[in-house]
Amino acid sequence: MIEIKNLHKSYQIGASSLHVLKGIDFSVEDGDLVAIMGSSGSGKSTLLNILGMLDTSDVGTYDLDKIRIADMNEKKAANYRNKFLGFVFQSFNLINYKNALENVALPLYYQGISRKERQKTALTYLDKVGLKDWADHLPSELSGGQKQRVAIARALASNPKVLLADEPTGALDSTTSLEVMALIQKINNEGKTILVVTHEHDIAKMCKRIVHLKDGVIVDDKKIKQNVIKNV
Amino acid sequence: MFNIERWKEIFQSIKKNKLRTALSGMTVSLGILIFIILFGLGEGLKNSYSDLFLNEANNVIFIYPGKTTKPYGGFKTNRIIELKNEDVLDLQNEFSSSIEFVNPRLFVNETIKYKLESFQFDINAVGPSNQQIEKHVLMKGRYINEKDIEEKNKVTTIGRLVARDIFRGEDPIGKFINLGSRAFKVVGVFQDTSGDTEENKLIIPYTTRQQILKGTDVIGTLALTFDQSIGGSGAVKLSNNIKSFLKKKKSIDPSDPSGIRVRNIADEIDRSLQFANALQIIVTFVGIGTLIAGIIGISNIMVFIVKERTKELGIRKALGAQPTEIIKMILSESIFITTLSGFFGMILGIIILSSLDSGALQDYFITRAGVDFGIAFFATVILIVFGVIAGYVPAKRAASIKPILALRDE
Ligand SMILES: Nc1ncnc2c1ncn2[C@@H]1O[C@H](COP(=O)(O)OP(=O)(O)OP(=O)(O)O)[C@@H](O)[C@H]1O
Ligand SMILES: [Mg+2]
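Residues numbered from 1 in each chain as written. Chains lettered and ligands numbered in written order. Predicted model: local features only at pLDDT ≥ 70, side-chain atom pairs only at ≥ 80, totals over all residues. Heavy atoms only, no water.

1. What to know about the interface of chain B and chain A
(1) Moving on: Opposite the 27 residues of chain B that make contact, chain A presents 29 residues.
(2) Moving on: Viewed at the interface, chain A and chain B are joined by two salt bridges.
(3) Moving on: Linking Asp55(A) and Lys402(B) is a salt bridge whose minimum nitrogen-to-oxygen distance equals 3.0 Å.
(4) Moving on: Across the chain B-chain A interface, the total number found is 15 residue pairs in polar contact (both at pLDDT 80 or more).
(5) Moving on: Elements represented by at least two residues in the side of chain B that touches chain A include exactly α1 (4-16), α10 (265-318), α11 (323-355) and α14 (403-408) of chain B.
(6) Moving on: Its residues assigned to classes, the side of chain B that touches chain A comprises nine nonpolar, five polar and 13 charged. (Contact = heavy atoms within 4.5 Å. Salt bridge = Lys/Arg side-chain N within 4 Å of Asp/Glu carboxyl O. Polar contact = N/O pair within 3.5 Å; in protein donor to acceptor, adjacent residues only side chain to side chain. Helix = DSSP H or I, 4+ residues; strand = E, 2+ residues; numbered from the N terminus. Nonpolar A, V, L, I, M, F, W, Y, C, P; charged D, E, K, R; others polar.)

2. Observations concerning the domain arrangement of chain B
(1) Moving on: Split into domains, chain B comes out as domain 1 (4-53 + 271-408) and domain 2 (67-258).
(2) Moving on: The C-alpha centroid of domain 2 of chain B is placed 58 Å from the C-alpha centroid of domain 1 of chain B. (Domains from an automatic or database assignment.)

3. Quick look at the site of ligand 1
(1) Moving on: Not every one of the 15 residues close to ligand 1 is listed here, only the nearest: Ser40(A), Lys44(A), Ser45(A), Thr46(A) and Arg408(B).
(2) Moving on: Residues near ligand 1 are shared among chains A and B, making this a multi-chain site.
(3) Moving on: Within the contact set of ligand 1, an oxygen atom lies 3.3 Å away from a side-chain nitrogen or oxygen of His199(A).
(4) Moving on: Look at ligand 1: alone it shows 630 Å² of surface, and the protein chains cover 67% of it.
(5) Moving on: Every element with two or more residues in the shell around ligand 1 is listed here: β1 (2-13), β2 (16-28) and α1 (44-51) of chain A.
(6) Moving on: For the shell around ligand 1, the element with the most residues is α1(A), which contributes three residues.
(7) Moving on: Partitioned by chemical class, the residues of the shell around ligand 1 number four nonpolar, eight polar and three charged. (Near = heavy atom within 4 Å. Areas by Shrake-Rupley, 256 points an atom, 1.4 Å probe, with all protein chains shown as cover.)

4. Observations concerning the nonpolar core
(1) Moving on: Residues Ile2(A), Ile4(A), Phe26(A), Leu47(A), Leu51(A), Tyr62(A) and Leu195(A) are the most contacted members of the largest nonpolar core, which totals 76 residues.
(2) Moving on: By residue number, the principal contributor to this core is α10(B), which donates ten residues.
(3) Moving on: Ignoring sequence-local partners within four residues, the contact set of Tyr62(A) consists of Ile2(A), Glu3(A), Ile4(A), Ile50(A), Leu51(A), Met53(A), Ile67(A), Arg68(A), Ile69(A) and Leu85(A).
(4) Moving on: Judged by nonpolar contacts, the second largest core, of 42 residues, contains Leu94(A), Tyr125(A), Val129(A) and Leu163(A). (Core = buried A, V, L, I, M, F, W, Y, C linked by side-chain atoms within 4.5 Å. Buried < 20%, exposed > 50% of the residue type's maximum accessible area, 1.4 Å probe, protein only.)

5. Re the pairing of strand β6 (residues 85-88) of chain A
Residues and elements named next belong to chain A.
(1) Moving on: Both faces of β6 are covered, namely the face carrying Leu 85 and Phe 87 and the face carrying Gly 86 and Val 88.
(2) Moving on: Strand direction decides the pairing type here: β6 and strand β7 (residues 162-166), joined by four bridges, are parallel. Following the sheet pairing, Gly 86 is matched in β7 by Leu 163. (Pairing = 2+ DSSP bridges.)

6. Topic: the packing of aromatic side chains
Residue and element names in this part refer to chain B.
(1) Moving on: A complete count under the given rule lists 14 aromatic pairs over all chains for this structure.
(2) Moving on: For the ring pair Tyr 143 and Phe 190, a centre distance of 6.1 Å and an interplane angle of 55° mean the geometry is tilted. One end of the pair, Tyr 143, is in the loop between β7 (137-141) and α5 (146-151); the other, Phe 190, is in strand β10 (residues 182-191), with 47 residues separating them in the sequence.
(3) Moving on: By relative accessible area, Tyr 143 is classed as buried at 5%.
(4) Moving on: For Phe 190, a relative accessible area of 0% puts it in the buried group.
(5) Moving on: Here a set of aromatic residues connected by ring pairs shows up, and it is made of Trp 7, Phe 11 and Phe 336.
(6) Moving on: Across from the ring centre of Phe 75, 4.1 Å away, lies the NZ or CZ of Arg 79, which sits over that ring. (Phe/Tyr/Trp six-rings, centres within 6.5 Å; stacked < 30°, edge-to-face > 60°. Lys NZ or Arg CZ within 6 Å of the ring centre and 35° of its normal.)

Now the structure itself:
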């Protein structure tokens, strides 16, 4: 599903340049659930942003579902983001003046789907994350965990090939973190490929594979026995 | 361009961001409102000036004789210059191509009596062309005519107010009024829309007056009208030519500012209208300044709006919004708000202008304050167009940055 080779990324800070990703080789199988770990500043978010096409790399290749993602114009990139990728942020990034249903329906709007169809699909996904009854609530009326579930529903609404989550539980307490991870496991069980960036070992252990980043390179990459969450 | 889904998006954004909407709407409304009111008042100022001259023929040149202030051609200084009947003929011959009427005028100072009662009115001894030059309109009877001039008849055409005061409802035609010791027959009554001054006059033939003054052929002043088609510059040239012609004839130093003076009404009106136009231009400049301030205001607000929405735009991009979609969204919203509030301001301005108390405005020398609809419309469209251009730049920038940069914006 994902295939990257010799990926490099530097940030320009004034006159100096900070080399963050120093040659990443990495691939993800269809249906995998991967945790990306590493200390703060090791380049986890940078990697995920590049995978999510929110940012671009300097050197290296990236193939998503056998399609080469390279130097495409914004228009095409927008199209790929919309169809292939779902992104979940630590800080939710919901649009504050839209209610839960409208937020979830937004990616479908950019696919040119009719309003009626959008609302129907969005409601299905809200139901999937257990928030059907909260459809007409604004983000400010939701708890952190609920917001993240709305964000996940939104990332799933356009039925992407890959779900990318950057510290989805970073702003949540342990109980709600567990809820969110249970949801991620459920979605993964339905066949979706998912990458989760996290600091926490507990969270990482709920995945099927852990990748360790250190100083911009992968230092460890192993399949683990998944800690499956029951009765949340 | 018209996409019902996008408009639903836009209406939601407008509805949910009332402060932003009100801010940009008000800037545009206010800009156009102030522009229209200023422009309308400027027009009113100009109208007042135009009206001042509406009731006088503006193709008139007045000639006044005076005293010389320089010795010339063997004559000493302080010589009194007089116009004579022959000068009228000479002028008519010399400038026959451009002169229409020549009207000699003598001011008469005689007591006016009717049936033992005395009255105080101005008496002008003039020619028949006085009617055209002063724009007198006959109400009754006739004006003094060429035959009266030739025969030196003792007849008079009187102003409406003179008729009212002397005859008090009696029919004045055929009655006799005493001017000094001589009886004049009233042959007509005239009115004049320019005001009371003219209607308080009695008009008699100038030749009759000259005969009364022991057969003199001296004329007080001359008024002449010229063919309109010679235009403003032609009129100035004509009055200069008349001046030099008469100066030469009367042996006056060409550089003597006195002796013969020539006044050109068209020139004076031109100068006054130029002043009015200058005022209008100043007012228009102030108006355009307001418009520019409005444009700058809306530009700032657009920059502010895009800045404020950067994160939202980042989210939209992360969800797959195309750059053109982002631009269209921002622009459609700004077009919608500026158009609506622009025309609101325009209509409000027009309503305010037309409802202003015209009586109170008259005190400030403003008549019929109002704005041409075309200009109002044009100014509004200009503001909208510039508002859109001003919105396009930040919208384009926001649409083309990487989503991750937009998302990082707090
Ligand atoms: N836009 C940027 N400009 C400059 N430097 C950046 C930028 N984004 C990230 N960096 C730097 O790159 C390095 C890697 O950042 P990144 O966000 O990928 O780390 P991370 O592993 O996600 O850390 P954390 O666990 O704290 O989120 C850090 O040193 C960070 O300061
Ligand atoms: Mg990070």
